[in-house]
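Analysis of the macromolecular model
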Amino acid sequence: MTAHPEIDESQLPERLEALPGIELIRRATAGMPAYLVGGAVRDLLLGLERADIDIAVESEVRPLAEALGGQMVEHDRFETAAVAVDDHEIDIARARAEEYERPGALPTVSPATIHEDLARRDFTINAMAVPLAGETELLDPHGGADDLRAGVLRVLHDLSFADDPTRALRAARYSARMDLGLDANTARLLRETDLATVSQDRITAELARIAGERHAARALELISEWGLLDLGTGPRLAAALERLFESSADWNEFASRDTAILLAVAPGEHPQRLRGRAAKLARHSPPASPAEIQVLAQDHVPEVLAIARVAGAPWLDEFVNRLRHVELEISGYDLVEAGVPQGPAIGRGLNAALAAKLDGRAAGHEDELRIALEAAR
Ligand code: CTP
């Protein structure tokens, strides 16, 4: 658990003035009841940079979105808009109260004051606001700054996870990201949380956000530890994937780290099938030649190979570092010109030439053509 005794609200005015895009936002929000909220306030207190700026308004969203200019995507259901202007991503939401009709369902929302809006949020550290007009003061009715200082993650009320069980997955993400400890009541509520009412798509969306985090594996470990989802060997694979992608530029260029980590834990038949392929590759006896590595690797998507690599196929490094770059000097046209009919014979010939080249048995154009023609005929 990491505490932050250095957090000091009196630094807020200065930090707010230094926030990239603040002038633009001040100009656009002039005369509106607008607030910096949520993660944006939390990260301001922590002195962290972040990609997006969250704003809540106690009025309609559109006038502010339009005043900001730039590219806008509006979502009517929750009265929110995302605006991209200059290099800034600004998320605007109308301050709202939420009502959950049944666990796991999306809430019914109604316009509300900023205080009601803060009260409907997930954790105290996300339930703070700073007004954008007038004096820069921290609105912190739930003790978020103290919790952040102490390194504690705490829900605002006992029904938080029952209302929205995806918050349990968010808890793992924040806990891993900021090394937060759980307050005792929150820990108890977490262990009682049932994710069965949440759709697979929403679970996948939360896992995807986790996969994009630096400490993804730790968050996934917490999800298992808290009994939220049965992720099997996923967290262990994710930890190994983190190490692989931290240490290898070739793997980074070849495959997506975040996608591979998501694939290691995502629910559903398709991911499961892909994991099955990776496991099979990992169980394969080490190939006897580069050509055999090529044959085994070539039909899989990069992220399947990444999982296979960390699950027990270190020989895939050779494919990623070297073999995948090897190209023939000849092409199908050379074979057609030499009289091979269009069709499967061409592929057979080229494959044979590539195998020979990978294994060091073809030294140039002439060798490749000879071997390809032998195999094609
Ligand atoms: N929120 C919530 N319950 C959820 C999702 C979001 O209460 N299930 C609230 C939180 O107060 C959160 C805010 O909505 O701060 C914005 O959500 P999101 O953009 O997902 O998180 P950020 O705060 O931006 O955090 P980060 O991007 O750093 O993960």
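Here the residue numbers are simple positions, counted from 1 along each chain's written sequence. Only residues with pLDDT of at least 70 get local features here, since the model is predicted, and only at 80 or more are side-chain atom pairs given and counted; chain-wide, interface and lining totals rely on the full set of residues. Computation of side-chain values: all heavy atoms of the structure, hydrogens and water removed.

So, the overall build of the chain
When helices and strands are tallied, the chain shows 21 helices and 10 strands. A globule of 377 residues ought to have a C-alpha radius of gyration of about 21 Å, yet the chain, at 27 Å, is considerably larger. Reported as C-alpha extents along the three principal axes, the dimensions of the chain are approximately 80 × 45 × 40 Å. Restricting to contacts in the chain with at least 6 residues of sequence separation, those with at least 24 account for 64%. Each accessible area is a Shrake-Rupley result for a 1.4 Å probe, and residues are judged covered by the shown protein chains and nothing else. Total accessible area on the chain stands at roughly 18200 Å², and carbon and sulfur atoms take up 49% of it. Numbering of helices and strands starts at the N terminus; helices are DSSP runs of H or I of at least 4 residues and strands are runs of E of at least 2. What the globule rule says is 2.2 Å times the number of residues to the power 0.38, and the radius of gyration is computed from C-alpha atoms. Residue contacts follow a heavy-atom distance rule, with two residues in contact if any of their heavy atoms lie within 4.5 Å.

Structural notes on the domain arrangement of the chain
For every domain, the bounds stem from an assignment made automatically or drawn from a database. Annotation of the chain at the domain level lists domain 1 (9-150), domain 2 (211-325) and domain 3 (332-376). On a C-alpha basis, the centres of domain 2 and domain 3 stand 32 Å from each other. Residue-level contacts link 6 residues of domain 2 with 4 residues of domain 3. Once two parts are brought into contact, the accessible area they lose, counted with a 1.4 Å probe and summed over both, makes up the buried area. Across the interface of domain 2 and domain 3, roughly 400 Å² is buried in total on both sides, 63% from carbon and sulfur atoms. Salt bridges are defined as contacts in which a side-chain nitrogen from Lys or Arg sits within 4 Å of a carboxyl oxygen from Asp or Glu. Put simply, domain 2 and domain 3 have 0 salt bridges between them. Here a polar contact is taken to be a pair of N or O atoms separated by no more than 3.5 Å, where protein atoms must pair a possible hydrogen donor with a possible acceptor and residues adjacent in sequence count only if both atoms sit in side chains. Linking domain 2 with domain 3 are 1 residue pair in polar contact (both at pLDDT 80 or more), by the criterion used here.

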